[in-house]
Each structure stands twice: as structure tokens, then as C-alpha cells.
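Okay, here's what each chain looks like letter by letter:
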Amino acid sequence: MNRILKLQNTIQPYAWGSHTAIAQLLGQATPSEHPQAELWMGAHPKASSKVWFQGRWQGLDDLLRQDPLPFLGAAVVKRFGPHLPYLFKVLAVEKPLSIQAHPSQSMAEEGFLRETQQGIAVSAAHRNYRDAHHKPECICALTEFHALCGFRPPEEIHALLDPVWPAAYKAHLNTLKSVPDGAGLRHFFSRLMTLDKSQLAPLVNEVVEAAQKLRGQESAFDWVVRLHGAYPEDVGVLSPLLLHLIRLKPGQALFLPAGRMHAYLRGVAIEVMANSDNVLRGGLTPKHVDVDELLRVLDFQSYPLEVLTPQTIGNQEQLYPSPADEFELSMIRIQESRDYDSGQRLPAPEILLCVDGKAEIHWEGSSKGMALARGESILVPAALARYRMQGQAILYKAAVHSKVILAEK
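Notes on the structure in this doc start here. (Residues numbered from 1 in each chain as written. Predicted model: local features only at pLDDT ≥ 70, side-chain atom pairs only at ≥ 80, totals over all residues. Heavy atoms only, no water.)

## Re the pairing of strand β8 (residues 137-141)
On a regular strand, one side chain projects to one face of the sheet and the next to the other, so that they alternate.
Then step 1. Taking burial as the measure, the 5 residues of β8 include 5 buried ones, the bulk of the element.
Then step 2. Here β8 shows no split at all, with Glu 137, Ile 139 and Ala 141 on one side and Cys 138 and Cys 140 on the other all buried.
Then step 3. Relative to strand β11 (residues 253-256), β8 runs antiparallel, the two sharing 4 bridges. Note that in β11 the partner of Glu 137 across the bridge is Leu 256. (Buried < 20%, exposed > 50% of the residue type's maximum accessible area, 1.4 Å probe, protein only. Helix = DSSP H or I, 4+ residues; strand = E, 2+ residues; numbered from the N terminus. Pairing = 2+ DSSP bridges.)

## Things to note about helix α8 (residues 181-193)
Then step 1. Across its 13 residues, α8 extends 19 Å between first and last C-alpha, which sits within 8% of the 18 Å expected from 1.5 Å per residue.
Then step 2. Within α8, the full set of buried residues consists of Gly 182, Gly 184, Leu 185, Phe 188, Phe 189, Ser 190, Leu 192 and Met 193. (Expected span 1.5 Å × (residues − 1).)

## A few points about the packing of aromatic side chains
Then step 1. In the structure shown here, the tally under the stated rule is 10 aromatic pairs.
Then step 2. For the pair Phe 151 and Phe 300, a centre-to-centre distance of 5.2 Å together with 20 degrees between the ring planes defines the contact as stacked. Here Phe 151, found in strand β9 (residues 145-151), pairs with Phe 300, found in the loop between α12 (291-297) and β14 (311-312); they are 149 residues apart in sequence, far enough to count as distant. Neither Phe 151 nor Phe 300 differs from the other in exposure class; each is buried.
Then step 3. One aromatic cluster in this structure is built from Phe 151, Phe 189 and Phe 300.
Then step 4. Above the plane of the ring of Trp 223 lies Arg 226, whose end atom (NZ or CZ) is 4.4 Å from the centre. (Phe/Tyr/Trp six-rings, centres within 6.5 Å; stacked < 30°, edge-to-face > 60°. Lys NZ or Arg CZ within 6 Å of the ring centre and 35° of its normal.)

What follows is the structure, encoded as C-alpha cells:
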């Protein structure tokens, strides 16, 4: 497996996707017939990429099952089994995604076993745990990107809610002040999420009506009104007043650990995550919401919002810091005046996506190399020791975290 392989990837046509962003990236006609929400690169069983191998397109997941070592390397197989541990995506968010959080590894293992023993089918709409893995993720903006991420401090939530909160529920709101730290926020949020629909709908409508008058003073109020237009009377409409509202500039990123409540609102971004499908939803969705399980998973502590900027690790590569074992993300900028050289690689798989320009890739044994244009992606197998690129291009690279490979050497 001493060669680089071109990828053929699946587009997920979720309703919140864009009709232009992914189509433009891939050089397709715009607008697309259906919304295009996510471009998946990896070996997830739901939509594995295909690779051009032995003269035909073959599923990457099938090849990993048949002969994982050349593709993944011994260290990855030892740590994660015969599976690519990350999923690489392009997200094109035209409409807001659901409010959600992901479980820790121990919670995922326990929840998957519990639901399996209860006889709930993995494909069932009301199933929370579709696998036994956690799902840390990193989102990196390609355009201006709006998101919600993590609870605001209780006093800040109180200050935002107080001018728009219905008088009939003021005692409920005062819990944020009377009970210290995350315990008060947990109590407030739990009561909010368990309100009967007959109470929740008028509460949300009153908050939106009041927020309408204040939307010019604070962007959180503006987003409350916008979300209400898309999901009327949904409890998630209130989330901009509870969660940090952030606007990422192109090149900025966020890391989302277990238990961190979040939602993506608008923009185009690169995303890399552990290869899991475990999601606990909390609003802005017609899909299943398990309030009890969500409350068990959520981290109610308030953390300072940390926007990630990449660290330079070479003249042409910048790395985003990640605590996750499954992945790390970097950006490579190739200039015509200087080739990019990977150096002696760690024996682990990489996926590279070209988002701008055009590059040519060469490796030992390649006679002509391989052209990589905007929107195209490649798999660099673990067995390939080194490669170099030339041209004028910007690429994003997903890889297994180097600390895992070094620890196993």
C-alpha cells in the first residue's frame, strides 16, 4: 500500500444544508437540486468513502476490514481496532442545527450496553446510543461561522433573561442567583426542559415578543427571534440566552468535549470528530429528545470560550491543538515558490482535502504523481513513508493524534 489513493465521498442532503456551498467546492452546478449539508470523508458505516484501488472504486470500510494494517498502521489498530478512528467533514449550514451534546466514553459504553439489553434497534429513531464511543469534535471555519457553545455563567444568563422573562416565572429564574455555581443552572435548565407544553409555548412566545424589541441591543436577542421563525415554540429558541454565542472568522476553530451543549447556526466549516454517531438533542429539531439522558450527559459548568488558532509546525503547515486521541487537524498552504514535504511520516492514515487552488502530489514509486484540485480529497495510507506537494493550494489535513502513534512505537 505504498501509494496515495483518491477518495470519492458522500454528500448528506439534510434539510439544513446549503444549495451552493458544497456544490461550489466540488465544481458542481449551482444551485443544487437538494440541500447539501455535509460532505463525509472517512470510513463511517453509514456513508463510507470509496477509494480508487486495484482499478475500481471500493468502499474504504470494506478494505479496512479485509486488510487494516497497510491502511491504518499497527499503532492505530492496537489503540482503536481495525477502524479509522475519525470522520472528516465539510459542513454547509444554511439553517440552524439542533441543540445537542455528546456523551463521554464511559457514558457511551454504558448507554450503548443498556439500550442494547433493552432490545432497542440501533436504527430506532428513539435510540440515543448507536455505538459505544464518545464524540469529541473540532470545527474550523471556512467562512464566517456562527455557533452556540457551552453555558454562559449563571449571572450572565440571568442578566439576559431578566428583561424578557415572563413575570409568572420569575421565581424559576431567580434559582440562577439563589443556588451557587452549576447546581443552580442545572436546576433552572431541568425545570425549563420538563415544562409541560401548555406552559412552555406561552413562555417561549412571551420571551420572543420581548426579545423582538431588544434585538438591536444584543445579538442574542436577534438570534432568539430568528430561531423562533424556524422552530416556533421550541425550547431551543431560548438557547442564545443560555449558551455562548460565537462568530468564528475563517481559520478560527472550536474544540467540543463531552457534555458541552452546542449548536451550529450558519456558515461553512471543516469538521473532524471521533467516528461516532451518538447525539443527545435538546431542541431546534423534530427528532427524538430524551430530556433525562440529556441532563445526565450535560456539563453545567461555565467555561471561558476558547477560540483555537493554529500553531505553526512548519513553514507551510499549521496545527490546531486537540486533546482527543482520535484526531488532529492542520492546515497546509502550498506556494509555487516552495514544495511541501511531509518528512518521514508517522505510520498512520491521513485524509487531505483541497479547499482552494491546485496541487500535485508525488511519492516514492510514483512516476507521474497525482493532481489534486479544489474539492478533491485523498487518503494517505499508514504504509506510505513520505510525500511532497507542489503548486498553489490550501488543504486541510485530518490525522490520528501523533501522541497515540508515538506512544505505541
